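Structural overview for review
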Amino acid sequence: MLLARVVGTVVATRKDPRLEGKKLLVVKTVTPDGKDDGNYFVAVDTVEAGFRETVLIVTGGSARMAAECKDRPVDTAIIGIVDTVRLDDEKAVVASARK
Amino acid sequence: MYLGKVIGTVVCTAKNPVLEGKKILVVQPLDPQGRPSGKPVIALDSVGAGAGETIYWCRGREASFAWYPAEVPTEATIVAIVDRVNVPGGSKLEPGGRK
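Structure report, in brief. (Residues numbered from 1 in each chain as written. Chains lettered and ligands numbered in written order. Predicted model: local features only at pLDDT ≥ 70, side-chain atom pairs only at ≥ 80, totals over all residues.)

Observations concerning the pairing of strand β1 (residues 2-15) of chain B
Examined bridge by bridge, strand β5 (residues 76-87) of chain A and β1 of chain B share six bridges and lie antiparallel to one another. In the strand pairing of β1 of chain B, Val82 of chain A is matched with Cys12 of chain B. Two strands pair when backbone bridges link them, and β1 of chain B and strand β4 (residues 54-59) of chain B are joined in this way by four bridges, in the antiparallel orientation. Counted as the bridge partner of Tyr2 of chain B is Trp57 of chain B from β4 of chain B. (Pairing = 2+ DSSP bridges. Helix = DSSP H or I, 4+ residues; strand = E, 2+ residues; numbered from the N terminus.)

Things to note about the interface of chain B and chain A
Chain B puts 30 residues into the contact, and the matching count from chain A is 29 residues. At the level of elements, β1 and β3 (41-45) of chain B are the ones that each hand at least two residues to the side of chain B that touches chain A. Here the side of chain B that touches chain A takes nine residues from β1 of chain B, the largest share from any one element. Tallied by class, the residues present in the side of chain B that touches chain A amount to 17 nonpolar, eight polar and five charged. (Contact = placed C-beta atoms within 7 Å. Nonpolar A, V, L, I, M, F, W, Y, C, P; charged D, E, K, R; others polar.)

Some words on the environment of Phe51 of chain A
Mapping Phe51 of chain A onto the fold places it in the loop between β3 (36-45) and β4 (54-59). Residues Phe51 of chain A and Val27 of chain A, spaced 24 residues apart in sequence, show a C-alpha to C-alpha distance of 9.4 Å.

Here's the deal with unusual backbone geometry
A cis amide bond links Tyr68 of chain B to the next residue, Pro69 of chain B, at an omega of 5°. Relative to the helices and strands, Pro69 of chain B is located in the loop between β4 and β5 (76-81). The phi torsion at Glu48 of chain A lies on the positive side, around 60°, for a residue other than glycine. Structurally, Glu48 of chain A is set in the loop between β3 and β4. Of note, Arg52 of chain A is a non-glycine position whose phi angle comes to about 70°, a positive value. Here Arg52 of chain A lies in the loop between β3 and β4.

Right under this line is the structure:
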């Protein structure tokens, strides 16, 4: 699983019928200390994430196990909205939330 | 499966319902000698691992089998707490344990 930040949305009219009604977001991966990682994914949103929120994404076959993604052509899903990331060697708590 | 060390925690309030009650940790992968190898990953905990402990974790679709037959959307899961690693030349890995 990876941490990522929501940076955009994807709109697709023609798509696999099993993706209808699913929100597609562009996410950019970040490291646990909040820095950009340089990778992008298009992810199906299962938790009503919003713009600029830090989220938890799951990739690969496991993404299909997320609620609402069973038996659908999905390989990246947003499965959580991150409140905080706490690293043992830093006192600071990396908060995300909406900015 | 890979060796790693727990270096932090992630808190999500809004998350996929399947993840409720599951602990999300930040893991730094290690090589058998105990040196960091690669970027930190976000992993679910299935064994009650704690801060600073040496653990091993598995990746990919198999990661969700820790909760089989439940289908949990995870691609990295902590599946054991390491007591000792024996490799030629010795390992600097400390026994897992809270200090």
